[in-house]
Amino acid sequence: MTIRIAIVGLGKIARDQHLPAIEKDARFELAAVASRSAGVDGVPHFTDLAELLASDVQFDAVALCTPPQVRHTIARQAIDAGKHVMLEKPPGATLSEVEDLKAAAAAKGVTLQTTWHSRYATAVAPAQTWLSGKTIKSVQINWKEDVRVWHPGQTWIWQAGGLGVFDPGINALSIATVVLPAFFLEKATLHVPENCQSPVEAQLTFRTVTGAPVKADFDFLQTGEQSWDIIIDTDGGELKLSHGGSRLWVDGVLAHEGPDEEYPGLYDAFARLIAAGGSDVDVSPLRHVADAFLLGERVTAPAFVE
Ligand code: NAP
C-alpha cells in the first residue's frame with residue numbers, strides 16, 4: 001500500500017532530510033506540501049494544513065516539520081481528520097500537549113510517531129549491543145555546534161518553547177535515553193542571552209539509577225571543530241559515540257562507522273507502525289529538557305546577535 005504523505009512546514013529539515021527520504025522509500029508518495037512560503041515543483045501546494053484538508057487532495061499521513069511551538073495545533077487537526085502523524089523532534093512545546101496527541105491518536109485509531117532521528121544514527125544500535133551487560137562508571141556528553149552555521153535565521157529557536165541549545169542537545173538526550181539505564185537530573189546551569197528566552201549554553205549533571213554520574217555540556221556558540229560526542233566509561237572499557245552517533249570507538253579504536261543517514265530508518269519505522277496499526281510515543285528526551293528548565297539555575301549571557 002502506498003502511503004500518501006503531506007509535509008507541513010517546508011523548512012531546512014524538510015528539504016534536507018524528509019524530501020530525500022520520502023523520494024527513496026517506495027512505500028511513500030509525496031501528496032502535498034502545506035507551507036506558507038514555499039512548495040515543491042509538481043506537488044499540490046497549500047498555505048497550511050487547514051487549507052489542504054479543505055481541498056480534494058487525498059492523503060493518508062503528515063510529517064510535521066514546523067517549529068515546536070505550533071506543532072500541537074496542527075497535529076490535532078491532522079489526527080482529528082484521521083491522518084497518521086509523524087512529529088519532528090521535539091514532539092511538542094510541552095509534555096501535556098504530547099499526552100493529548102497520544103490519547104487523540106489512540107481514540108481515532110491513527111498512528112502517532114514521535115521521531116528522535118539521532119536514535120537512527122548507524123552506531124547507536126551497535127553501542128547498545130556493546131554496552132549490554134557492562135557496568136557504566138561515568139558518562140560525558142559534549143554537544144557543541146555553531147548555531148550560526150546550522151540554524152541560520154531560525155528566530156523561533158530563541159523564543160519561548162524554541163529550546164535554544166536544547167534543540168540540538170535533545171538529540172544527545174534521545175541517544176542517552178536508549179543506551180543508558182534511567183538517569184535523573186541533579187543540577188543544571190542555563191545561560192540565557194539577555195535578548196532571548198532560550199539558553200545558548202547549558203551544563204547538566206545527571207545520575208543514573210545505578211549511581212553513575214552523567215555530565216552534559218551543550219554549547220551553541222562552538223566555532224571551528226564541532227562535537228556531537230557521548231563518552232561512556234564502563235568496567236569493560238571506554239565507548240565513544242562521535243559525529244552524532246554515526247561512529248563508534250572502543251578504547252580509542254574505531255569499531256564502527258556508517259553512513260551519516262538517519263531519516264530513511266525513521267521513515268521505515270513510520271511505515272511499519274502504520275502497517276501494524278501502532279504508535280510510538282516517547283517523551284523521555286523532552287522530559288529531561290523540561291526537568292532542566294524546572295531545576296536549572298539561570299545565568300544571563302551576552303545578547304545573541306546573528
Ligand atoms: P525551519 O528551517 O525554520 O523550518 C520550519 C518551517 O516551518 C519554516 O520554513 C516555516 O515554513 C514553517 N512554519 C510554520 N509555522 C511557523 C512559525 N510559527 N514560525 C516559523 N516557521 C513556521 O526549521 P527546521 O530546522 O526545519 O526545524 C523544524 C523542526 O525540525 C524543529 O522542531 C527542529 O528541531 C527539527 N529538526 C531540525 C533539524 C535541523 O538540522 N535543522 C534537524 C532535525 C530536526 P513556511 O514559512 O513556509 O510556513
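For the structure itself, look to the data block above.
The paragraphs below set out a description of the structure included in this document. Here the structure is a predicted model, which is why all the values come from computation and not from measurement.

1. What to know about empty space enclosed by the protein
Stage number 1. Counted by the stated rule, this structure contains one cavity of 30 Å³ or more.
Stage number 2. Counted as a void, the largest cavity has a volume near 40 Å³.
Stage number 3. Lining the largest cavity are Val147, His151, Gln154, Thr155, Trp158, Phe304 and Glu306.

2. Focus: the packing of aromatic side chains
Stage number 1. Enumeration over the complete set of coordinates arrives at eight aromatic pairs.
Stage number 2. Ring centres of Trp150 and Trp228 lie 5.5 Å apart, and the angle between their planes is 80°; on these two criteria the pair is classed as edge-to-face. In this pair, Trp150 is assigned in helix 6 (residues 147-150) and Trp228 in strand 11 (residues 227-234), connecting sequence segments 78 residues apart.
Stage number 3. Taken together, Phe28, Tyr267 and Phe270 form an aromatic cluster joined through their ring pairs.
Stage number 4. In this structure, Lys83 packs its charged tip against the face of Phe59, placed 4.3 Å from the ring centre.

3. Focus on the site of the ligand
Stage number 1. The ligand sits among 23 residues. The nearest are Ile13, Ser35, Ser37, Gln154 and Asp167.
Stage number 2. Lys89 places a main-chain nitrogen or oxygen 2.8 Å from an oxygen atom of the ligand.
Stage number 3. Its free accessible area being 870 Å², the ligand has 80% of it covered by the protein chains.
Stage number 4. Taken together, the residues that form the shell around the ligand break down as ten nonpolar, seven polar and six charged.
Stage number 5. Residue assignment places the shell around the ligand across two domains, with domain 1 (3-114) and domain 2 (122-259 + 290-301) each supplying three or more.

4. Quick notes on the pairing of strand 12 (residues 237-242)
Stage number 1. Where strand 11 meets strand 12, five bridges bridge the pair, whose relative direction is antiparallel. Paired with Asp233 across the strands is Glu238, a residue of strand 12.
Stage number 2. Remark: two residues form the turn of the hairpin made by strand 11 and strand 12, two consecutive strands paired antiparallel.
Stage number 3. Of the pairings in the sheet, the one linking strand 12 to strand 13 (residues 247-250) comprises four bridges and is antiparallel in character. From the neighbouring strand, Lys240 faces strand 13, where its bridge partner is Trp249.
Stage number 4. Following strand 12, the chain reverses through four residues before pairing antiparallel with strand 13; His243 in that reversal takes a positive phi of roughly 55°.

5. Comments concerning the pattern of salt bridges
Stage number 1. Under the defined criterion, the tally for this structure stands at 13 salt bridges.
Stage number 2. The partner of Asp60 in a salt bridge is Arg4, and the shortest N-O contact between them spans 2.9 Å. Here the residue Asp60 occupies a position in the loop between helix 2 (49-53) and strand 4 (61-64), and Arg4 occupies one in strand 1 (residues 3-8), the gap between them amounting to 56 residues.
Stage number 3. A salt bridge links Asp268 to Arg27; the nearest nitrogen and oxygen atoms lie 2.9 Å apart. Here Arg27 lies in the loop between helix 1 (12-24) and strand 2 (28-34) and Asp268 lies in helix 8 (residues 263-276), a separation of 241 residues in the sequence.
Stage number 4. Given a relative accessible area of 23%, Asp268 falls into the partly exposed group.
Stage number 5. A relative accessible area of 31% places Arg27 in the partly exposed class.
Stage number 6. The network of salt bridges with shared partners includes Asp25, Arg27, Asp268 and Arg272.

Here is what the cut-offs are and how they apply
Residues numbered from 1 in each chain as written. Predicted model: local features only at pLDDT ≥ 70, side-chain atom pairs only at ≥ 80, totals over all residues. Heavy atoms only, no water. 1 Å grid on protein atoms, 1.4 Å probe; cavity = no way out; pocket = protein on both sides within 12 Å on 5 of 7 lines; lining within 4 Å. Points joined across faces, edges and corners; volume = space filled by probe spheres on them. Phe/Tyr/Trp six-rings, centres within 6.5 Å; stacked < 30°, edge-to-face > 60°. Helix = DSSP H or I, 4+ residues; strand = E, 2+ residues; numbered from the N terminus. Lys NZ or Arg CZ within 6 Å of the ring centre and 35° of its normal. Near = heavy atom within 4 Å. Polar contact = N/O pair within 3.5 Å; in protein donor to acceptor, adjacent residues only side chain to side chain. Areas by Shrake-Rupley, 256 points an atom, 1.4 Å probe, with all protein chains shown as cover. Nonpolar A, V, L, I, M, F, W, Y, C, P; charged D, E, K, R; others polar. Domains from an automatic or database assignment. Pairing = 2+ DSSP bridges. Salt bridge = Lys/Arg side-chain N within 4 Å of Asp/Glu carboxyl O. Buried < 20%, exposed > 50% of the residue type's maximum accessible area, 1.4 Å probe, protein only.

This is a description of form; function is not addressed.
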